[in-house]
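# Notes for the structure review
Now for the letters of each chain:
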Amino acid sequence: MERLHARYPFFAAAREAVDAAAVDLGELVARPDEPAVERAIDRVVSALTDHTIGEPHGDDRIELLSYPVARVVVSLVDDPVVTRTYAKAEAATAHERVLADLDGGDGLNFTSNDTDLTVERLLTEFDLDGEVTPTDDGYEVAVTRYLQLAGDLDDLDWRLPRRSLADGEVPVTRDELLELLRAAIEERVAAGLPFAVPDAIGEHLDHAVVAVEDVLSDPAVPTTFDDVEPAAFPPCVDALLERARDGEELPDHSWFVLLSFCATVGMHAEEVVAIVDPDDETVAERIRYGVERVATSEGEIAYPPVSCATMQTYGDCVNKDETCETIVHPLSYYETRLAADD
């Protein structure tokens with residue numbers, strides 16, 4: 001089991017490494033305080049709270065084995081929001097690693113027996129080598145596969161009417177291709193989830209299921225509010241609103257936090273458009289689309305905003321005040337301010 005396998009546990013080579021090691025999953029999860037199980041719980045809980053998979057374990061074997069255990073935990077919980085959020089978090093982390101490993105990070109050469117990570121290798125891994133063609137200034141993607149991969153991406157610029165199309169091919173840049181590969185990773189992670197878990201395995205993971213369900217019902221992170229009071233918004237959200245009003249092109253993660261926060265506190269799409277007041281109708285369309293995306297078909301919030309710790313990682317935790325020192329989530333800040341103003 002090598003570093004490449006630990007960083008990309010959904011690769012075929014990683015699955016083969018686990019098979020070759022003849023790991024008995026039943027025996028693994030039955031061990032008291034098994035670190036792979038603890039790391040698996042962290043993967044799933046971090047996906048729900050921070051939309052990441054947490055910090056990797058220092059031992060490549062433990063990190064790799066935590067991935068199949070995490071899939072078991074997700075299957076035992078058997079909640080569509082958990083499944084979707086977990087797959088997105090795995091894909092988001094993998095996308096960051098791909099960018100680092102392709103662009104000169106220390107992950108390029110994993111072992112003397114392993115080839116470098118390249119775009120071509122990624123295309124082969126996801127059976128895209130026959131549907132993606134290099135060009136002088138990027139790549140062309142077969143339109144059918146493009147639609148499959150771009151269908152779940154938030155930015156309206158991915159919609160086919162906004163793209164060039166010739167001879168059944170959609171041109172994309174290298175960065176755009178890597179975004180499509182993130183969608184392919186999410187597709188692979190989600191494939192087969194949830195699945196039936198044998199009792200001999202599931203009975204040893206009751207504590208893992210409880211840990212995940214505790215997060216889903218955590219009263220410390222409120223998700224329903226009676227009133228919408230922009231004056232009670234946390235400083236980080238105020239700052240994002242100000243940047244959006246000034247016409248700044250926010251990073252995707254910043255747009256997600258802003259739109260998810262507004263939707264969670266009870267704002268409808270048109271209310272968010274009104275509070276941002278964009279000059280560009282394209283931005284207004286993005287806001288409407290984004291607010292709709294963070295909610296389920298039943299109107300519940302599928303993707304609440306991330307924690308303060310993740311906001312710090314993003315660089316969006318700014319202008320902290322005294323209330324910030326007492327809370328760990330932007331929604332908790334909002335709840336605290338609402339209560340203080342009553």
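Structural data are supplied above this passage.
These remarks concern the structure in this document.

Rules used in this analysis
- Residues numbered from 1 in each chain as written.
- Predicted model: local features only at pLDDT ≥ 70, side-chain atom pairs only at ≥ 80, totals over all residues.
- Heavy atoms only, no water.
- Axes fitted to C-alpha atoms, helices over the stretch in contact; angles between N-to-C directions.
- Helix = DSSP H or I, 4+ residues; strand = E, 2+ residues; numbered from the N terminus.
- Left-handed = near helix turned anticlockwise from the far one by under 90°.
- Contact = heavy atoms within 4.5 Å.
- Nonpolar A, V, L, I, M, F, W, Y, C, P; charged D, E, K, R; others polar.
- Pairing = 2+ DSSP bridges.
- Salt bridge = Lys/Arg side-chain N within 4 Å of Asp/Glu carboxyl O.
- Buried < 20%, exposed > 50% of the residue type's maximum accessible area, 1.4 Å probe, protein only.
- Parallel < 35°, antiparallel > 145°, perpendicular 65-115°, else oblique.
- Core = buried A, V, L, I, M, F, W, Y, C linked by side-chain atoms within 4.5 Å.

### A closer look at the packing of helix H13 (residues 252-264) against helix H15 (residues 281-293)
Here H13 crosses H15 at 60°, and the two axes come no closer than 9 Å. For H13 against H15, the interelement crossing comes out right-handed. Where H13 abuts H15, its residues Asp-252, Trp-255, Leu-259 and Ala-263 lie against Val-283, Arg-286, Ile-287, Gly-290 and Val-291. Class assignment for the residues of the contact of H13 with H15 results in 6 nonpolar, 1 polar and 2 charged.

### Brief notes about the sheet that holds strand S2 (residues 138-142)
Across the sheet, which stays open at both edges, the 3 strands sit in the order S1-S2-S3 with antiparallel pairing between neighbours. Unpaired on one side and paired on the other, strand S1 (132-135) and strand S3 (169-172) mark the two borders of the sheet. Neighbour to neighbour, the strand axes of the sheet diverge by 25° on average, direction disregarded. Where helix H8 (residues 143-150) meets the sheet, it contacts S2 and S3, and its direction lies at approximately 95° from that of S2. Across the sheet, helix H9 (residues 174-190) lies against S1, S2 and S3, angled at about 115° from S3, the strand it touches most.

### Overview of the pattern of salt bridges
Applying the stated criterion across every chain yields a total of 22 salt bridges. Between Arg-43 and Glu-63 there is a salt bridge, with the nearest N and O atoms lying 3.3 Å from each other. Here the residue Arg-43 occupies a position in helix H4 (residues 35-50), and Glu-63 occupies one in helix H5 (residues 60-77), the gap between them amounting to 20 residues. You can call Glu-63 buried: its relative accessible area is 2%.

### Structural notes on the packing of helix H12 (residues 235-245) against H13
The geometry of H12 relative to H13 is characterised by a closest axis approach of 10 Å and an angle of 110° between their N-to-C directions. When the axis of H12 is compared with that of H13, the two are roughly perpendicular. At the point where H12 passes H13, the crossing takes the left-handed sense. Only Ser-254, Trp-255, Val-257, Leu-258 and Phe-261 of H13 make contact with H12, whose side of the interface consists of Val-237, Leu-240, Leu-241, Arg-243 and Ala-244. Residue classes in the contact of H12 with H13 are distributed as 8 nonpolar, 1 polar and 1 charged.

### Remarks on unusual backbone geometry
Looking along the chain, the bond that leaves Leu-193 and enters Pro-194 is cis, with omega of -10°. Not every positive phi belongs to a glycine, and Asp-167 is a case in point at roughly 55°. Secondary-structure assignment places Asp-167 in the loop between H8 and S3. Not every positive phi belongs to a glycine, and Asn-319 is a case in point at roughly 55°. Looking at the secondary structure, you find Asn-319 in the loop between helix H16 (308-314) and helix H17 (330-341).

### Some details on the nonpolar core
Within the largest apolar cluster, 68 residues are counted, with the highest numbers of intra-cluster contacts made by Phe-10, Phe-11, Tyr-86 and Leu-180. Here the element with the most residues in this core is H5; it accounts for 10 residues. If near-sequence neighbours (up to four positions away) are discounted, Tyr-86 is found in contact with Arg-43, Val-44, Ala-47, Tyr-67, Ala-70, Arg-71, Val-74, Val-189 and Leu-193. Leu-259, Cys-262, Val-276 and Val-306 belong to the second-largest nonpolar core, a separate cluster that totals 32 residues.

### Overview of the pairing of S2
The buried fraction of S2 amounts to 4 of the 5 residues, a majority that puts the element mostly inside the structure. The sheet contact formed by S1 and S2 spans 4 bridges and is antiparallel. Each bridged residue has a counterpart across the sheet, and for Val-132 the counterpart in S2 is Val-141. Between S1 and S2, which follow one another and run antiparallel, lie 2 residues. Sheet topology note: the S2/S3 ladder contains 4 bridges and is antiparallel. Bridge assignment links Tyr-139 to a residue of S3, and that residue is Val-172.

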